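Coordinate analysis (summary)
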Amino acid sequence: MEFLHSKILVMTEEFDKFEIDGVVYKTMPTKKWKERKNWEKPNPNNLYSHIPGTIVGIDVKEGQTVKKGDLLIILQAMKMDNKIIAPFNAKIKKICVELNSQIPKSELMIVLEEL
Amino acid sequence: MSLRKNILDLRRRKEEILQGGGEAAIQKQTAMGKLTARERIEVILDKASFHEYDLFVEHQSKDFGMDKKVLNSDGVIIGTGTIYGEPIAIYAQDFTVAGGSLGLMHARKITKIMDHALKMRIPLIGINDSGGARIQEGVDSLAGYGEIFFRNTQASGVIPQLSVILGPCAGGAVYSPALTDFVFVVDNISKMFITGPQVVKTVLGEEVTMEDLGGAKVHATTSGNAHFFAESEQECFEQIKKLLTFIPWNNSNKAKSFPAKKPKSEYKIEKILPTDPTQPYDVRNIIKAVTDNSDFLEIQKDFAANIVIGFGRIEGDTVGFVANQPLVLAGVLDCDSADKAGRFIRFCDAFNIPIVTFEDMPGYLPGVEQEHMGVIRHGAKVLYAYSEATVPKITVILRKAYGGGYIAMNSRHLKADFMFAWPTAEIAVMGPEGAANIIFKKEIKNAENPEEMRKLKVVEYREKFANPYVAASKGYIDSVIEPKETRNLLKHCIEVSGDKTVMTPAKKHGIPPF
């Protein structure tokens with residue numbers, strides 16, 4: 001098959017099983033498909049970075065209790081200081097980032113415990 | 001001064017400017033495996049057909065010591081010439097002159113040739129090789145980009161616009177190619193990105209090489225920004241010239257006809273497709289079994305390979321093919337493949353190219369990732385593009401046409417002009433397995449041997465519904481045909497629809513889901 005001689009390796013070049021509506025097809029998965037992230041139910045206690053950036057302020061300590069709306073962290077990204085605030089009344093269970101550290105998108109920053 | 005002296009003076013002036021960025025810069029350019037801007041134009045166009053405009057243009061910037069700098073032709077070459085004897089407008093940025101950076105006069109030269117191309121209704125080829133905006137010229141260079149983007153948009157759908165990326169193309173510079181119809185990239189030479197690796201690193205802390213961020217392979221496989229990938233500049237130029245044989249020079253003409261040729265005998269149309277709908281095959285072989293000389297120019301070959309798009313000829317006339325590819329992801333429609341097909345359909349429609357759709361697909365790709373990426377709005381692009389298109393539209397259902405896929409892939413209901421099905425076609429709301437599980441849920445559950453019963457019901461459903469005859473009995477399919485009749489029928493359809501006329505409601509423009 002000419003496909004297998006493509007100049008760029010995009011296919012895994014292996015046939016695999018692929019199920020749609022109860023029918024199992026023999027077909028080649030794309031790299032994108034294979035590398036897709038599986039969805040997980042979001043845990044509201046875990047605060048992730050919504051954008052890559054630098055932690056320029058940590059306003060809380062582990063074990064401290066905070067009220068909804070309290071400032072937790074300042075994440076500087078795209079020349080803006082993004083205030084990360086408490087989404088609900090909670091206890092700070094764990095702080096997972098350090099001051100002045102650069103973090104990617106979707107990095108776990110803080111673990112809360114809802115009160 | 002005598003005339004002779006005047007002429008010699010002109011020649012001397014020209015010669016000086018033709019040095020471009022000078023010996024050292026040219027050597028650097030060649031060392032990277034790149035031709036110079038002028039060489040590129042000469043290779044693409046017919047021999048000695050190039051006529052240059054604005055050779056003597058100079059920049060007028062005075063700040064930051066620019067007043068003491070001479071930039072030959074301001075770093076860009078523009079002009080007209082011919083390809084296969086037909087007129088073409090072309091510009092090429094000259095990386096040897098100030099890194100091909102775009103200043104006000106540089107941009108004015110480009111917009112001049114763009115205006116010319118649009119006015120003369122001839123295709124425009126833009127060769128991009130530029131470090132980006134000329135920072136010393138400040139807002140003037142930004143204005144320059146804006147003027148180019150505006151013209152790209154105005155010319156869109158009127159003349160074909162081809163962008164060739166033969167060097168870096170960063171920041172604002174990438175948006176002109178993105179607005180054009182076809183983007184060509186060359187391995188190791190082309191780089192396209194909005195923000196380069198350095199900015200990505202300082203702002204986001206992500207370390208990535210230029211190649212991994214926006215190299216030719218990335219755009220040909222992952223981002224879908226590139227339509228043609230080549231390993232050398234020479235191969236790239238051949239791709240450009242080949243593409244130009246398939247498309248018309250402007251939107252009021254048809255593509256040139258060529259002498260008809262039979263498909264090659266090795267593509268036996270009845271030997272390609274397995275009748276078992278779960279088994280894969282390469283749909284491009286079916287396309288090659290119907291096209292002249294089995295010639296098929298595939299576009300975006302390595303991006304969203306679950307759909308195949310490209311040009312071929314039937315009895316000498318250009319046809320745009322859209323085909324599901326069962327070889328890859330069972331040929332499903334997903335975000336990327338819908339985007340790829342939708343745009344191609346709109347190109348064909350704008351430039352009077354009939355569209356032939358080969359359908360064999362189980363539906364849309366399920367999954368949280370797809371839904372969250374917006375498979376609804378992306379998938380809608382296919383519906384929109386097919387419904388909007390007024391060129392002759394022909395569909396051949398080869399095998400599976402399930403559910404939303406049946407509707408989306410140029411169905412009768414989206415106003416396909418001709419609907420054919422092979423006897424292997426299965427036209428149904430969903431695959432027999434899934435359908436039987438739902439319709440006969442009780443019977444299967446209550447049966448002594450549920451698995452046996454399930455199998456029985458699947459067969460029953462397939463025989464009753466998963467065939468082309470139910471749809472044919474309702475007139476949704478015009479004919480159920482033998483595979484070997486396909487090519488002649490396609491030819492017939494194109495002949496019959498030569499003067500196709502469709503009235504669409506008056507409007508400024510529609511609002512496609514992009």
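Residues numbered from 1 in each chain as written. Chains lettered and ligands numbered in written order. Predicted model: local features only at pLDDT ≥ 70, side-chain atom pairs only at ≥ 80, totals over all residues.

Another point: the overall build of chain B. In terms of helices and strands, chain B carries 20 helices and 16 strands. Along the first, second and third principal axes, the C-alpha set of chain B runs to 105 × 55 × 45 Å. Within chain B, the proportion of its 514 residues that are buried is 50%. Residue pairs in contact within chain B that sit at least 24 positions apart in sequence constitute 74% of those at least 6 positions apart. (Helix = DSSP H or I, 4+ residues; strand = E, 2+ residues; numbered from the N terminus. Buried ≥ 20, exposed ≤ 12 C-beta atoms within 10 Å, placed from the backbone. Contact = placed C-beta atoms within 7 Å.)

Now for helix H5 (residues 139-155) of chain B. Residues and elements named next belong to chain B. Taking 1.5 Å as the rise per residue, H5 with 17 residues should run 24 Å; its terminal C-alpha atoms sit 25 Å apart, in good agreement. Taken together, the buried positions of H5 are occupied by Asp140, Ser141, Gly144, Ile148, Arg151, Asn152 and Ala155. Around the axis of H5, the buried residues are gathered within 125° of arc, so they sit on the same side. Residues Val139, Thr153 and Gln154 are exposed on H5 and point more than 90 degrees away from its buried face. Where H5 is buried, its residues meet helix H4 (104-120), strand S4 (124-130), strand S5 (161-170) and helix H6 (175-179). (Expected span 1.5 Å × (residues − 1). Arc of directions from axis to C-beta.)

A separate point is the pairing of S5 of chain B. Residues and elements named next belong to chain B. With 10 of 10 residues buried, S5 is to be regarded as a mostly interior element. Where S4 meets S5, 6 bridges bridge the pair, whose relative direction is parallel. Bridge pairing in S5 places Ser130 opposite Cys169. Each parallel crossover has a hand, and the one from S4 via H5 to S5 is right-handed. Looking at chain direction, S5 and strand S6 (residues 182-186) are connected through 4 bridges and run parallel. If you follow Val164 over to S6, its bridge partner there is Phe184. Note that S5 and strand S7 (residues 191-193) share 3 bridges and pair parallel. (Pairing = 2+ DSSP bridges. Right-handed = clockwise from strand over helix to strand, strands pointing away.)

Turning to the sheet that holds strand S3 (residues 46-48) of chain A, a few remarks are in order. All names here are of chain A. Pairing is antiparallel in the open sheet, where 4 strands are placed in the order S3-S10-S8-S5. Edge positions in the open sheet fall to S3 and strand S5 (65-66), since each of these has one partner strand only. Sheet analysis places strand S8 (residues 90-95) next to strand S10 (residues 108-114), joined by 5 bridges and oriented antiparallel. When the sheet's bridge partners are listed, Lys91 is paired in S10 with Glu113.

Residues and elements named next belong to chain B. Look at Ala48: it is not a glycine, yet its phi comes out positive at around 55°. As for its placement among the helices and strands, Ala48 is situated in the loop between helix H3 (37-44) and strand S1 (51-53). The backbone of Tyr84 shows a phi angle near 50°, a positive value even though the residue is not glycine. Position of Tyr84 relative to the elements: it lies in the loop between strand S2 (76-83) and strand S3 (86-93).

The pLDDT averaged across chain A works out to 85; a share of 89% of its residues lies at or above 70. Segment residues 1-10 of chain A is flagged for pLDDT under 50; beyond a separation of four residues in sequence, or across chains, it makes 19 contacts in the model. (pLDDT = per-residue confidence, 0-100.)

For the rest of this paragraph, the subject is the sheet that holds strand S6 (residues 71-77) of chain A. Pairing between sheet strands relies on hydrogen bonds along the backbone, with the strands arranged either parallel or antiparallel. Residue and element names in this part refer to chain A. Spatially, 4 strands are ordered S7-S6-S4-S9 in an open sheet, and the strand pairing comes out antiparallel. Each of the sheet's edge strands pairs with one partner strand only, and the pair in question is strand S7 (80-85) and strand S9 (102-103). Sheet topology places strand S4 (residues 53-58) next to S9; 2 bridges connect them, and they run antiparallel. Paired with Thr54 across the strands is Gln102, a residue of S9.

With that settled, the discussion passes to the packing of H4 of chain B against H5 of chain B. Residues and elements named next belong to chain B. Here H4 crosses H5 at 10°, and the two axes come no closer than 8 Å. Judged on the interaxial angle alone, H5 and H4 are roughly parallel. In this structure, H4 uses Leu104, His106, Ala107, Ile110, Thr111, Met114, Asp115, Ala117 and Leu118 to contact H5, whose residues at the interface are Asp140, Ser141, Gly144, Tyr145, Glu147, Ile148, Arg151, Gln154 and Ala155. Among the residues forming the contact of H4 with H5, the class breakdown is 9 nonpolar, 5 polar and 4 charged. (Axes fitted to C-alpha atoms, helices over the stretch in contact; angles between N-to-C directions. Parallel < 35°, antiparallel > 145°, perpendicular 65-115°, else oblique. Nonpolar A, V, L, I, M, F, W, Y, C, P; charged D, E, K, R; others polar.)

Here we come to the nonpolar core. Phe184 and Ile240 of chain B are the most contacted members of the largest nonpolar core, which totals 140 residues. Once you skip the residues sitting within four places of it in the chain, Phe184 of chain B turns out to touch Leu162, Ser163, Val164, Ile165, Phe228, Ala230, Cys236, Gln239 and Ile240 of chain B. Residues Ile73, Ala90, Met109 and Ile110 of chain A belong to the second largest nonpolar core, which totals 12 residues. (Core = buried A, V, L, I, M, F, W, Y, C linked by C-beta atoms within 7 Å.)

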